[in-house]
There are 2 protein chains.
Amino acid sequence: MAEDPRKRVELLWGASERPSRGPKPKLTLEDIVAAGVRVADEEGLEALSMQRVAKELGFTTMSLYRYVPSKERLVEVMLDRASDGPPVFTGEVRDWREEIEAWVRALWAMYRLHPWALEAKVSAPPIGPGQLAWFEAALRPLAHAGLTDGELISTVMFLLGAVRELAGIAFGVERARAQAGISAAESEAGYDALLREFVDAERFPSLAKLVSEGAFAPSGLADEGVDLDLDFGVRRVLDGIEAYVAARRG
Amino acid sequence: MAEDPRKRVELLWGASERPSRGPKPKLTLEDIVAAGVRVADEEGLEALSMQRVAKELGFTTMSLYRYVPSKERLVEVMLDRASDGPPVFTGEVRDWREEIEAWVRALWAMYRLHPWALEAKVSAPPIGPGQLAWFEAALRPLAHAGLTDGELISTVMFLLGAVRELAGIAFGVERARAQAGISAAESEAGYDALLREFVDAERFPSLAKLVSEGAFAPSGLADEGVDLDLDFGVRRVLDGIEAYVAARRG
DNA sequence: CTAAAACTGTGTATCACTTACACGAAATAG
DNA sequence: CTATTTCGTGTAAGTGATACACAGTTTTAG
């Protein structure tokens with residue numbers, strides 16, 4: 001029941017010594033993880049089974065368990081590996097706001113590449129190399145904003161969370177409508193219609209006002225709805241940080 | 001494959017007419033959902049199976065399928081019902097910032113009550129009555145901030161996302177350490193130690209700086225770590241909105 | 001050298017779970 | 001009344017995770 005956290009970290013960081021005896025392994029953890037990511041990328045997390053991954057590699061299901069203690073653990077490593085490769089900026093930070101916005105866009109793009117990463121639950125702070133790389137990438141520019149250490153950490157966590165959740169909704173909707181074979185505009189219209197049908201002014205007065213004003217009506221920007229939510233939110237966070245730091249200095 | 005979105009919404013809103021023929025149903029959708037929520041609250045989402053819910057009610061597994069098309073759908077309704085009951089303020093909005101912060105705390109509390117709600121993936125905008133109630137509750141105070149309709153929606157989505165994700169991490173960590181039987185301080189110390197071991201200054205310079213400065217060292221506030229991240233982030237968003245609105249009016 | 005020890009990939013089996021299907025009982029329409 | 005519809009149930013199929021023991025492989029102690 002109580003999973004050894006050490007083992008977990010070792011798996012994530014590839015820090016296990018090869019035993020000296022016994023036959024040479026024909027697989028590696030990274031082979032398995034890569035195969036898993038491939039399957040998940042192409043067929044979704046639902047299609048990911050130990051048997052599916054094993055077939056992908058041409059081995060038996062049970063062979064995987066020599067490298068990975070459980071499917072859950074495998075997915076954990078997959079998550080870390082998929083999130084590897086944030087944009088690496090070097091040199092001086094010119095415009096920290098600009099770089100943070102670029103970081104957000106890059107994170108968004110990563111989730112677009114690996115949408116299954118949004119289906120797996122996250123229940124731990126970043127501990128693997130891939131996730132810490134994203135942390136680092138945000139920290140670099142943000143360190144120029146004038147925050148304390150604790151505030152820096154809070155901000156990064158907050159941004160990581162917001163991006164992930166909004167990406168989850170955005171790609172979820174996208175997938176649903178792709179499956180249903182309707183356009184983005186039709187999908188938005190459907191949402192608008194749903195709200196118009198069920199949101200009554202007595203129970204949901206503020207919402208009803210928005211609905212009646214057409215705030216949920218399909219815009220020309222159909223495909224970018226949630227994307228825009230994110231941009232707006234991120235900019236407000238950055239504004240807020242500037243105002244906060246200015247006030248403290250003031 | 002292509003699930004009928006209408007059926008989905010009907011289930012969520014309880015909008016289906018009772019057929020006139022046949023025996024009277026001995027169960028209701030809400031009975032089943034309530035039993036599901038009970039199980040999930042006490043034993044987690046993992047323990048939630050159709051058989052477990054059926055046993056809870058004293059019926060056979062298959063009887064549930066007369067009321068719910070699939071387990072996935074059941075969880076969807078459970079999610080909506082669990083998130084019912086946001087704080088209802090009436091009368092004038094006195095201090096919109098204060099009310100938003102109270103709303104965030106209430107949302108946090110709801111997730112604490114139903115932590116399994118954080119394990120289920122969310123892949124759609126709010127469509128059920130419970131989730132829309134939360135939307136409404138945020139909208140009411142926020143409408144006094146001076147934002148456009150679109151900006152209002154973006155802000156609420158952004159906040160919903162951030163709270164959810166940070167709650168997911170916070171309660172995930174909490175659960176893990178409860179299982180491992182260690183204190184919050186020990187858990188924080190473990191994280192700090194992990195970072196100290198693996199974060200090298202070459203690969204993660206900014207992070208390494210924070211680590212060496214003790215930014216991840218256990219604080220006296222141990223139990224409130226992520227909670228604090230959220231507070232800070234939310235306040236920055238609100239600051240940012242004020243600054244943004246002021247600048248536009250400016 | 002050789003035998004024991006450690007480790008590999010495999011085959012088999014178990015257990016838990018979702019869900020399809022058909023049956024007999026119950027309720028209503030006409 | 002009787003035909004129809006819907007209810008709860010029993011049975012069974014299909015999928016998936018993973019425990020366990022086995023046979024072959026490699027290393028090392030002596």
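Not measured: the values here are computed from a predicted model.

A. Summary view of the side chain of histidine 114 of chain B. Here histidine 114 of chain B shows up in the loop between helix H5 (96-113) and helix H6 (129-142). Not counting residues within four places of it along the chain, the set of residues in contact with histidine 114 of chain B comprises Val37, Asp41 and Ala82 of chain B.

B. The protein's contact with DNA strand D, seen in detail. Taken together, 26 residues are adjacent to DNA strand D, and Gln51 and Tyr65 of chain A together with Pro23, Lys26 and Arg66 of chain B come closest. In DNA strand D, atoms within 4 Å of the protein come 64% from sugar and phosphate. Taking arginine 66 of chain B, its side chain carries an N or O atom lying 2.5 Å from a base oxygen of DNA strand D. Between DNA strand D and tyrosine 67 of chain B there is a distance of 2.8 Å, counted from a phosphate oxygen to a side-chain nitrogen or oxygen. Of the residues that constitute the surface near DNA strand D, the class distribution is 11 nonpolar, nine polar and six charged.

C. Structural view of the packing of helix H5 (residues 96-113) of chain A against helix H6 (residues 129-142) of chain A. All names here are of chain A. H6 packs onto H5 with a crossing angle of 165° between their chain directions and a minimal axis gap of 8 Å. As judged from the angle between their axes, H5 and H6 are roughly antiparallel. Where H5 crosses over H6, the two elements pack in a sense that is left-handed. For the pair formed by H5 and H6, the contact residues are Trp96, Glu99, Ile100, Trp103, Ala106, Leu107 and Met110 on the first element and Trp134, Ala137, Ala138, Arg140, Pro141 and Leu142 on the second. Here the contact of H5 with H6 is built from residues that sort into 11 nonpolar, no polar and two charged.

D. Looking closely at the relation of the copies chain A and chain B. Rotating chain A by 180° and translating it 0.0 Å along the rotation axis places it on chain B, where the RMSD comes to 0.1 Å. Such a turn and shift between the copies fits a two-fold axis. Across chain A, the smallest distance between a C-alpha and the rotation axis is recorded for glycine 240 of chain A, namely 1.8 Å. The share of interface residues of chain A whose copies in chain B are also at the interface is 98%, consistent with both copies meeting through the same surface.

E. Here's a closer look at the pattern of salt bridges. All names here are of chain A. This structure, assessed with the given rule, holds 42 salt bridges over all chains. Close ionic contact of arginine 81 with glutamate 30 constitutes a salt bridge, the shortest N to O distance being 3.0 Å. With arginine 81 in helix H4 (residues 71-82) and glutamate 30 in helix H2 (residues 29-43), the pair connects residues that are 51 residues apart, well separated along the chain.

F. Examining the domain arrangement of chain A more closely. Residues and elements named next belong to chain A. Examined at the domain level, chain A breaks down into domain 1 (5-82) and domain 2 (96-181 + 219-249). Using C-alpha coordinates to define each centre, domain 1 is positioned 28 Å away from domain 2. Taken together, the contacts link 14 residues of domain 1 with 15 residues of domain 2. When domain 1 packs against domain 2, the two sides together hide about 1400 Å² of surface, and 66% of this comes from carbon and sulfur.

G. Spatial organisation of the UniProt feature "domain: HTH tetR-type" (unreviewed entry) in chain A. Taking the UniProt record as the reference, the feature "domain: HTH tetR-type" (unreviewed entry) is found at residues 26-86 of chain A. Secondary structure content for residues 26-86 of chain A is 57% helix and 0% strand, and the end C-alpha separation is 30 Å.

H. Structural view of the interface of chain A and chain B. Between chain A and chain B, the residue contacts involve 66 residues of the former and 65 residues of the latter. Both faces considered, chain A and chain B share a buried interface measuring about 6000 Å² in area, 71% of it formed by carbon and sulfur atoms. At the boundary of chain A and chain B, one finds six salt bridges. With its nearest N and O atoms 2.7 Å apart, the salt bridge here joins glutamate 165 of chain A to arginine 164 of chain B. At the junction of chain A with chain B, the criterion picks out 12 residue pairs in polar contact (both at pLDDT 80 or more). Looking at the side of chain A that touches chain B, the elements with two or more residues in it are helix H1 (5-13), H6, helix H7 (149-180), helix H8 (184-198), helix H9 (205-212) and helix H10 (225-249) of chain A.

I. Representation of the UniProt feature "DNA-binding region" (unreviewed entry) in chain A. In this structure's numbering, the residues bearing the UniProt feature "DNA-binding region" (unreviewed entry) are residues 49-68 of chain A. Secondary structure within residues 49-68 of chain A divides into 40% helix and 0% strand; the distance between the first and last C-alpha atoms comes to 13 Å.

J. Up close: the protein's contact with DNA strand C. Close to DNA strand C lie 26 residues, the nearest being Pro23, Arg66 and Tyr67 of chain A together with Ser20 and Gln51 of chain B. Sugar plus phosphate: this is where 62% of the atoms of DNA strand C within 4 Å of the protein reside. Interatomic distance of 2.8 Å between a backbone N/O atom of methionine 50 of chain B and a phosphate oxygen of DNA strand C. Separating a phosphate oxygen of DNA strand C from a side-chain N or O atom of tyrosine 65 of chain B is a distance of 2.8 Å. Of the residues belonging to the surface near DNA strand C, the class tally is 11 nonpolar, nine polar and six charged.

K. Region of the structure containing the environment of alanine 106 of chain A. Assignment of secondary structure puts alanine 106 of chain A in helix H5. Those residues in contact with alanine 106 of chain A, other than ones at most four positions away along the chain, are Pro87 and Trp134 of chain A.

About the criteria used
Per chain, residue numbering runs from 1 following the sequence as it is written. As they are written, the chains are lettered A onward and the ligands numbered 1 onward, keeping that order. Residue-level local features of this predicted model are given only where pLDDT is at least 70; pairs of side-chain atoms are given and counted only at 80 or more, and the full residue set underlies all totals for whole chains, interfaces and linings. The side-chain quantities take in all heavy atoms of the structure and omit both hydrogens and water. We count a stretch as a helix when DSSP gives it H or I for four or more residues in a row; a strand needs E for two or more, and each element gets its number in order from the N terminus. Whether two residues are in contact is decided by their heavy atoms, any of which lying within 4.5 Å being enough. When at least one non-hydrogen atom of a residue lies within 4 Å of a molecule or strand, that residue is treated as near it. Between N or O atoms, a polar contact is any pair within 3.5 Å; within protein, one atom must be a potential hydrogen donor and the other a potential acceptor, and residues adjacent in sequence are included only when both atoms are from side chains. Under the grouping applied here, Gly and all other residues not named as nonpolar or charged are polar, the nonpolar ones being Ala, Val, Leu, Ile, Met, Phe, Trp, Tyr, Cys and Pro and the charged ones Asp, Glu, Lys and Arg. Axis lines are fitted to C-alpha atoms, over the contacting stretch for helices. Their N-to-C directions set the angle, which ranges from 0 to 180 degrees. Note that the term roughly parallel is reserved for angles under 35 degrees, roughly antiparallel for angles over 145, roughly perpendicular for angles of 65 to 115, and oblique for everything else. For any helix crossing, the convention is left-handed if the near helix is rotated counterclockwise from the far helix by under a right angle, and right-handed if that rotation is clockwise. A residue counts toward the fit only if its pLDDT is at least 70 in both copies, and the copies are then superposed by least squares on the C-alpha atoms of those residues. Salt bridges are defined by distance alone: a side-chain nitrogen of Lys or Arg within 4 Å of a carboxyl oxygen of Asp or Glu. A domain assignment, automatic or from a database, supplies the domain bounds used here. Buried area is a sum: the accessible area each of two parts loses on coming together, probed at 1.4 Å, counted once for each and added. UniProt positions are given in the numbering used here, feature names are shortened, and annotations may be inferred rather than shown by experiment.

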